[in-house]
Amino acid sequence: MRYLFEENDMLNNPVECFCFFSNYPVRPHWHYYMEIIYTIDGNAEMHDGNNVYHASKGDMVIFHPKSVHSIYSADGKPLKLDVIKLDINRMNMSSAYSPKLRSIFRCAEKKGMTVFFSSDETAAMGAAESFERCIGEMNRGRYGYDIMIRSEICRLLINVLRCWQDKGFRVDSEAFAEDSRYDIYNITEYIDSSMSQNPKVSEIAEKCGMSYSYFAKKFLAVYGKTCKEYIEDMRIYKAEEFLIFTDFDLTYISQETGFSDCSHMIKSFKKHHGTTPKHFRDTRQKNLTV
């Protein structure tokens with residue numbers, strides 16, 4: 001059996017929410033996303049490594065990042081599934097007493113906590129409503145949709161954590177120790193949080209405990225683009241959000257997105273979009289009002 005890596009634009013699209021309807025199997029594959037699947041209709045056979053889960057209406061399965069998984073119809077009939085794919089490294093919550101979600105879930109995976117949740121458990125979580133809201137927000141793409149989606153996903157993940165706690169899982173010192181560790185798979189969390197400070201690739205490599213050359217090679221292999229290209233793309237992406245949803249001037253936006261100055265932002269934006277930031281803003285804001 002051949003295990004295939006699934007290409008995803010996780011850098012620019014850290015969350016995907018959609019409804020999947022098919023009677024074709026999802027062959028064995030893996031990716032850097034966490035994937036959460038909620039069964040709307042049908043009887044699914046979900047494989048996660050050597051584990052097999054039989055999911056029917058209302059059941060939910062979580063596939064951790066880099067796990068080899070596949071999905072089949074158990075009775076040959078079409079499946080209807082709600083799907084959330086997310087980069088858990090970029091799902092943060094702020095409380096003084098709790099480590100980051102990615103640290104908690106990494107520890108839960110190491111401790112072998114169940115990834116299958118019955119319809120009774122998902123009903124208690126309000127999982128169906130969370131999936132529906134996430135997919136609706138992503139389809140509409142209105143102001144603050146990304147915040148609404150992150151909020152719903154964090155709500156769902158915390159309810160998963162509470163379910164695990166009822167089964168004996170504890171957030172211990174190991175999870176807190178994970179918080180301060182950066183590796184090639186979660187370094188985008190650090191890059192995103194320090195974007196306005198214009199982070200240097202050499203500094204980012206140091207955070208991972210790698211030499212510049214090894215980090216550059218590894219980042220390209222994992223994410224499909226260089227770290228420098230990723231930083232530039234993220235600046236453009238953040239600038240787009242400012243242009244669409246705020247009335248801040250270009251000087252302020254360039255400072256907040258880490259460009260050296262306004263001219264640099266205009267030049268980079270035009271190279272990426274083929275148009276100026278002002279024209280992009282006018283066009284997109286006009287479309288939002290139609």
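A quick note: this is a predicted structure, and the numbers were derived from the prediction, not measured.

Colleague: Talk me through helix 4 (residues 145-166); I want residue IDs and the actual numbers.
Modeller: End to end, helix 4 covers 32 Å across 22 residues, agreeing with the expected 32 Å (1.5 Å per residue, within 8%). Considered for burial, the residues of helix 4 that qualify are Asp-146, Ile-149, Glu-152, Ile-153, Cys-154, Leu-156, Leu-157, Asn-159, Val-160, Leu-161, Cys-163 and Trp-164. Just past helix 4, the residue Gly-168 takes up positive phi, approximately 105°.

Colleague: Before we move on, can you summarise the packing of helix 3 (residues 127-140) against helix 4 with the specific residues and values?
Modeller: Contact geometry for helix 3 and helix 4: axes closest at 9 Å, N-to-C directions at 165°. Classified by the interaxial angle, the pair formed by helix 3 and helix 4 is roughly antiparallel. Classified by chirality, the crossing of helix 4 by helix 3 is left-handed. Across the interface between the two elements, Ala-127, Ser-130, Phe-131, Arg-133, Cys-134, Glu-137 and Met-138 from helix 3 touch Tyr-145, Met-148, Ile-149, Glu-152, Ile-153, Arg-155 and Leu-156 from helix 4.

Colleague: Describe in detail the packing of aromatic side chains, supporting the description with residues and values.
Modeller: In the structure shown here, the tally under the stated rule is 16 aromatic pairs. Each ring, one from Phe-248 and one from Tyr-252, has its centre 4.3 Å from the other, and the planes form 35°; the classification is tilted. An aromatic cluster of three or more residues is present, and its members are Phe-105, Phe-117, Trp-164 and Phe-169. If you follow Arg-102 out to its NZ or CZ, it ends over the ring of Tyr-182, 5.5 Å from the centre. Its end group placed over the ring of Phe-259, Arg-235 keeps NZ or CZ at 5.9 Å from the ring centre.

Colleague: Talk me through the nonpolar core; I want residue IDs and the actual numbers.
Modeller: Counting 44 residues, the largest nonpolar core has Ile-36, Met-46, Met-60, Ile-84, Leu-86, Ile-153 and Leu-157 as its most contacted members. In terms of residue count, the dominant contributor to this core is helix 4 (9 residues). Among residues more than four places away in sequence, those in contact with Met-60 are Ile-36, Ile-37, Tyr-38, Val-115, Phe-116, Phe-117, Thr-122, Met-125, Ala-127, Phe-131, Leu-156 and Val-160. Counting residues in hydrophobic clusters, the runner-up holds 20 residues, among them Tyr-32, Val-201, Phe-219 and Met-234.

Colleague: Let's hear about empty space enclosed by the protein: which residues, and what values?
Modeller: Under the defined criterion, the tally for this structure stands at 1 cavity of 30 Å³ or more. Put simply, the largest cavity is a space of about 40 Å³. Those elements that place two or more of their residues in the lining of the largest cavity are strand 2 (15-22) and strand 8 (69-73). Broken down by element, the lining of the largest cavity gets its largest block of residues, 3 residues, from strand 8. Of the residues contributing to the lining of the largest cavity, the split by class is 7 nonpolar, 3 polar and no charged.

Calculation criteria
Residues numbered from 1 in each chain as written. Predicted model: local features only at pLDDT ≥ 70, side-chain atom pairs only at ≥ 80, totals over all residues. Heavy atoms only, no water. Helix = DSSP H or I, 4+ residues; strand = E, 2+ residues; numbered from the N terminus. Expected span 1.5 Å × (residues − 1). Buried < 20%, exposed > 50% of the residue type's maximum accessible area, 1.4 Å probe, protein only. Axes fitted to C-alpha atoms, helices over the stretch in contact; angles between N-to-C directions. Parallel < 35°, antiparallel > 145°, perpendicular 65-115°, else oblique. Left-handed = near helix turned anticlockwise from the far one by under 90°. Contact = heavy atoms within 4.5 Å. Phe/Tyr/Trp six-rings, centres within 6.5 Å; stacked < 30°, edge-to-face > 60°. Lys NZ or Arg CZ within 6 Å of the ring centre and 35° of its normal. Core = buried A, V, L, I, M, F, W, Y, C linked by side-chain atoms within 4.5 Å. 1 Å grid on protein atoms, 1.4 Å probe; cavity = no way out; pocket = protein on both sides within 12 Å on 5 of 7 lines; lining within 4 Å. Points joined across faces, edges and corners; volume = space filled by probe spheres on them. Nonpolar A, V, L, I, M, F, W, Y, C, P; charged D, E, K, R; others polar.

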